[in-house]
Amino acid sequence: DTAVSQTPKYLVTQMGNDKSIKCEQNLGHDTMYWYKQDSKKFLKIMFSYNNKELIINETVPNRFSPKSPDKAHLNLHINSLELGDSAVYFCASSYGTGAAGELFFGEGSRLTVL
Amino acid sequence: GESVGLHLPTLSVQEGDNSIINCAYSNSASDYFIWYKQESGKGPQFIIDIRSNMDKRQGQRVTVLLNKTVKHLSLQIAATQPGDSAVYFCAENEAGNMLTFGGGTRLMVKP
């Protein structure tokens, strides 16, 4: 049983396209996150949702739009993809808000923009 | 061997030796710290955590040391094995705020 699952694992697309990454967790957690990991392995928080409500929105271009249909799902839609969007995107979840505890990560979705 | 976890440095150790991975954290108000392990092609996984009211915590083959005076955290891995090869991240948290990750250190274990 995968605790945090995200699809697709790999995504190759052209500049200017729109793409989505889906995430689901079966841990019963209240809070879900999207992180971006660059080529130097640096992990940066993008968004955090608690019970379907946005609680953290770091400085991310508005081309990135998260959507949480229920507390077990947090999807990431990206419009007008740019070369700099190439990265590995990780979904994560935790109990409570503020990530004051352990985060459970998915396997990552590697996005390559050509 | 030792390494400071900035700009993804690499620590190379011989199988069976002990490893020490260091991390300098930035927020003196942080009260919770976690070490994560990220294997190639996978997401980060929890290894061990420590709260600021402690200076040492031990797990299975791993020990985390916290020095709040100099804002330093270290992860010690005893009898390092090939399966320990990964990138290791420290993360800090101030109550009510987000977990902030350090830059990571790559551990390579030579057989």
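Definitions and limits used
- Residues numbered from 1 in each chain as written.
- Chains lettered and ligands numbered in written order.
- Predicted model: local features only at pLDDT ≥ 70, side-chain atom pairs only at ≥ 80, totals over all residues.
- Heavy atoms only, no water.
- pLDDT = per-residue confidence, 0-100.
- Helix = DSSP H or I, 4+ residues; strand = E, 2+ residues; numbered from the N terminus.
- Contact = heavy atoms within 4.5 Å.
- Buried area = accessible area lost by both parts, 1.4 Å probe.
- Salt bridge = Lys/Arg side-chain N within 4 Å of Asp/Glu carboxyl O.
- Polar contact = N/O pair within 3.5 Å; in protein donor to acceptor, adjacent residues only side chain to side chain.
- Pairing = 2+ DSSP bridges.
- Axes fitted to C-alpha atoms, helices over the stretch in contact; angles between N-to-C directions.
- Buried < 20%, exposed > 50% of the residue type's maximum accessible area, 1.4 Å probe, protein only.
- Disulfide = S-S within 2.5 Å.

K.L.:
For this particular structure, what's the right way to read the confidence of the model for chain B?
P.N.:
Note: predicted coordinates in regions of low pLDDT should not be interpreted at a detailed level. Residues and elements named next belong to chain B. Considering every residue of chain B, the mean pLDDT works out to 90; 91% of them sit at 70 or more. The least confident element of chain B is strand β1 (residues 2–4), whose mean pLDDT is 40; the most confident is strand β7 (residues 62–67), at 98. Below a pLDDT of 50 lies the segment residues 1–6, which in the model reaches 21 contacts outside its immediate sequence neighbourhood of four places, other chains included.

K.L.:
Teacher, can you tell me more about the interface of chain A and chain B here?
P.N.:
How big an interface is tends to be reported as the loss of accessible area on association of its parts. Opposite the 20 residues of chain A that make contact, chain B presents 21 residues. For the chain A and chain B pair, buried surface summed over both sides reaches about 1600 Å², with 62% attributable to carbon and sulfur atoms. Among the residues chain A hides against chain B, the three largest losses belong to A:K41, A:L43 and A:E102. Together they make up 29% of the total. Here chain A is connected to chain B by zero salt bridges. For the pair chain A and chain B, the number of links is three residue pairs in polar contact (both at pLDDT 80 or more). Contributing elements (two or more residues each) for the side of chain A that touches chain B: β4 (31–37) and β5 (43–50) of chain A. In terms of residue count, the dominant contributor to the side of chain A that touches chain B is β4(A) (three residues).

K.L.:
Is there a simple way to think about the sheet that holds strand β1 (residues 4–7) of chain A in this case?
P.N.:
Each strand in a sheet pairs with another by means of backbone hydrogen bonds, the pair being arranged parallel or else antiparallel. Residues and elements named next belong to chain A. Read across the sheet, four strands follow the order β1-β3-β8-β7 without closing on themselves; strand pairing throughout is antiparallel. Each having just a single partner strand, β1 and β7 (64–70) make up the two edges of the open sheet. Taking the axes of each pair of neighbouring strands and ignoring which way they run, one obtains an average angle of 20° across the sheet. In this structure, strand β3 (residues 19–25) lies alongside strand β8 (residues 73–78), joined through four bridges in antiparallel fashion. Bridging across to β8, E24 finds its partner in H73.

K.L.:
Whenever I open this one, the pairing of strand β11 (residues 105–110) of chain B confuses me. Can you help?
P.N.:
A regular strand carries its side chains on alternate faces of the sheet. Residues and elements named next belong to chain B. The two faces of β11 differ: T105, L107 and V109 on one face are buried, but R106, M108 and K110 on the other face are not. Summarising the sheet, strand β2 (residues 10–14) and β11 pair through five bridges and their orientation is parallel. Each residue of the ladder has a partner; that of S12, found in β11, is M108.

K.L.:
Honestly, the state of the cysteines in this entry has me stumped. Any pointers?
P.N.:
Disulfides are covalent bonds that link the sulfur atoms of two cysteine residues. Inspection of every chain in the model, using the stated rule, returns two disulfides over all chains. Each sulfur of the disulfide joining A:C23 and A:C91 lies 1.9 Å from the other. On the sign convention where negative means left-handed, the S-S torsion of about -80° between A:C23 and A:C91 marks this disulfide as left-handed. A residue pair is termed long-range when its members are at least 10 positions apart, and A:C23 in strand β3 and A:C91 in strand β9 (residues 87–94) qualify at 68 residues. Here B:C23 connects covalently by a disulfide to B:C90, the sulfurs 1.6 Å from one another. A residue pair is termed long-range when its members are at least 10 positions apart, and B:C23 in strand β3 (residues 19–24) and B:C90 in strand β9 (residues 86–93) qualify at 67 residues. The exposure class of B:C90 is buried, given its relative accessible area of 6%.

K.L.:
What is the right way to read the pattern of salt bridges from this model?
P.N.:
Note on pairing: side chains with opposite charge can pair once their charged atoms come close. Tallied over the entire structure, the rule returns five salt bridges over all chains. A salt bridge links A:K71 to A:D30; its shortest N-O distance comes to 3.0 Å. Residue A:K71 is located in the loop between β7 and β8, and its partner A:D30 is located in the loop between β3 and β4; the two are separated by 41 residues in the primary sequence. Between B:R61 and B:D84 there is a salt bridge whose closest N-O contact spans 2.9 Å. With a gap of 23 residues between them, B:R61 in the loop between β6 (56–58) and β7 and B:D84 in the loop between β8 (72–77) and β9 connect regions that are remote in the sequence. For B:R61, a relative accessible area of 30% gives the class partly exposed. Of the residues examined, B:D84 reaches a relative accessible area of 7% and is grouped as buried. Linked by salt bridges that have partners in common, A:R63, A:E82 and A:D85 make up one network.

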